[in-house]
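The primary structure of each chain is shown beneath.
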Amino acid sequence: MCTCDSRSVAPVRKSRNPDRVISRELRDERKTIAVPERRRRRPRQLDAGPFAADVASFRLHLAAENKAAGTIRIYTEAPLWFAATHLLRETDKTRWGQVDAQDVQRWVAWLLGSFSEAYARQQYRSLRQFFKWMAAEDEIPDPMARLRAPAVRQKPVPFFTSVELSKLEKSCRGNTFAQRRDAAILAVFRATGVRLAELAGIRYDPGDPDRNDLDLERREIKVRGKGGKDRTVRIDHEAARRLDRYLRVRATHEQAYRLGLWLGTGDRGPLTSNGIYQMVKRRGDRAGVRVYPHRFRHHFSHTWLDRGGAEGDLMELNGWSSSQMLGWYGGSAGGARARRHYDLIMRD
């Protein structure tokens, strides 16, 4: 993607004081790497008192089914939050068997009034999984059996314009370590649409095929998706060239022996997902482009469909198991695609 690299500083202007440029970039890099924790989630009360024991059993059930750690967290925190914030504070109920549909409806109404529709729907679906398990396991009435998930009004995610992509490329123009690395990261995001965690987890060990996810000759990268599912994605020639330029400078890094592909500046180790997120945002801020990693996923899906790519192939490349994802991601620019194809279909 990016056409060269640019020290994490301003656009492409050369500074008369290169040491100042380097120190400014290192300060930015510290902001990027020194924060290993994830972006903060909304603070929630999870002390569910007498309701907690059953949620612990539910957690064991999910772990036995080999659910991903993130899935287990989301599915178990939902009933804990519901119990701690609504059941214990707003009712006198002490057992899950006492919960009725109105309790859930009041809870969902509060969520919709306090958070986004998508977040409320996620909480509803997670709570639904818990009550389905309780009904099957302990044969208690399922209070959500006749309820429907809250509707979510779809907000299309804009794909990148050619001007925006050009600005992002210029923000990475240069030959420094950070510039080459950032150019490669943005190029891989653009060429594959992989998730942030998938990109952060790419391993590099050219001496051991079992620990190496990158094959530049074939232009392929192995990534680990949701649920621990591995898949191989393809990159274009430009992304391969960006990666090659980064690997050459990476070989001189003090931490070059580390397994993580994306290393920090100076003697810092591999970037975390949060570090990559902050880097992408920083590059976008300097370029005047609103950008975050997941926007590339929408852009990749739109581009694939816009150029006539098969939907089944897109599902494979994006690691989707449900065709519903096609409507969500590809739908971001579905109207634009339809209008652009009008003249091709309706020619006199």
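Just above, that's the structure.
An account of the accompanying structure is given in this report. Please read all numbers here as calculations on a predicted model, not as lab measurements. (Residues numbered from 1 in each chain as written. Predicted model: local features only at pLDDT ≥ 70, side-chain atom pairs only at ≥ 80, totals over all residues. Heavy atoms only, no water.)

## Points about the overall build of the protein
Part 1: Across its full length, the protein holds 14 helices and three strands.
Part 2: Classification of the 348 residues of the protein by burial places 44% in the buried group.
Part 3: The contacts of the protein with a sequence gap of at least 6 include a subset with a gap of at least 24, amounting to 66%.
Part 4: When the accessible surface of the protein is summed, it comes to about 19,300 Å², and 48% of that surface belongs to carbon and sulfur atoms. (Helix = DSSP H or I, 4+ residues; strand = E, 2+ residues; numbered from the N terminus. Buried < 20%, exposed > 50% of the residue type's maximum accessible area, 1.4 Å probe, protein only. Contact = heavy atoms within 4.5 Å. Areas by Shrake-Rupley, 256 points an atom, 1.4 Å probe, with all protein chains shown as cover.)

## So, a nonpolar patch on the surface
Part 1: A surface patch of nonpolar side chains, about 370 Å² in accessible area, is lined by Tyr342, Ile345 and Met346.
Part 2: As for its position among the elements, Met346 is in the segment after α14 (334-345). (Patch = residues over 30% accessible without salt bridge, like charges linked within 9 Å, V, L, I, M, F, W, Y side chains within 5 Å. Salt bridge = Lys/Arg side-chain N within 4 Å of Asp/Glu carboxyl O.)

## Here's the deal with the pairing of strand β2 (residues 220-224)
Part 1: Only one face of β2 is buried: it carries Ile221 and Val223, and the other face, with Glu220, Lys222 and Arg224, is open.
Part 2: As paired strands, strand β1 (residues 214-215) and β2 are joined by two bridges and run antiparallel to one another. Across the sheet, the residue bridging to Leu214 is Ile221, located in β2.
Part 3: Between β2 and strand β3 (residues 230-234), which pair antiparallel in sequence order, lie five residues; one of them, Gly227, sits at a positive phi of approximately 70 degrees. (Pairing = 2+ DSSP bridges.)

## Digging into the sheet that holds β1
Part 1: Spatial strand order, β1-β2-β3: three strands in an open sheet with antiparallel pairing. In this open sheet, the two strands that pair with only one neighbour each are β1 and β3.

## Overview of the nonpolar core
Part 1: Counting residues in hydrophobic clusters, the biggest one holds 42 residues, and the most contacted among them are Trp262 and Ile276.
Part 2: Within the second largest apolar cluster, 28 residues are counted, among which are Ala83, Val99, Leu127 and Leu147. (Core = buried A, V, L, I, M, F, W, Y, C linked by side-chain atoms within 4.5 Å.)

## Some points on the pattern of salt bridges
Part 1: The final tally for this structure, using the stated rule, is 20 salt bridges.
Part 2: Among the salt bridges present, the one from Glu77 reaches Arg73, with a minimum N-O distance of 3.8 Å. Here Arg73 and Glu77 lie together in helix α3 (residues 69-90), a separation of four residues that amounts to about one turn.
Part 3: Classification of Glu77 as buried rests on a relative accessible area of 11%.
Part 4: With a relative accessible area of 25%, Arg73 lands in the partly exposed category.
Part 5: The salt bridge partner of Arg218 is Asp215, with a shortest N-O separation of 3.9 Å.
Part 6: Take Asp215: its relative accessible area is 29%, and that puts it in the partly exposed class.
Part 7: Salt bridges sharing partners connect three or more residues here, namely Lys93, Asp100 and Asp103.

## Notes on the layout of surface pockets
In this approach a probe as big as a water molecule rolls over the atoms, and the regions it shows empty are the leftover space.
Part 1: Reported here for the second largest pocket is a volume of approximately 590 Å³.
Part 2: Together, 27 residues line the second largest pocket, and Arg190, Asp236, Phe300, Thr303 and Arg307 are the ones closest to its centre.
Part 3: Mapped by element, the contributors of at least two residues to the lining of the second largest pocket are α6 (162-171), α7 (177-192), α9 (237-250) and α11 (293-306).
Part 4: Ranked by the residues each element gives to the lining of the second largest pocket, the list is headed by α11, at six residues.
Part 5: Grouping the amino acids of the lining of the second largest pocket by side-chain chemistry returns 11 nonpolar, seven polar and nine charged. (1 Å grid on protein atoms, 1.4 Å probe; cavity = no way out; pocket = protein on both sides within 12 Å on 5 of 7 lines; lining within 4 Å. Points joined across faces, edges and corners; volume = space filled by probe spheres on them. Nonpolar A, V, L, I, M, F, W, Y, C, P; charged D, E, K, R; others polar.)

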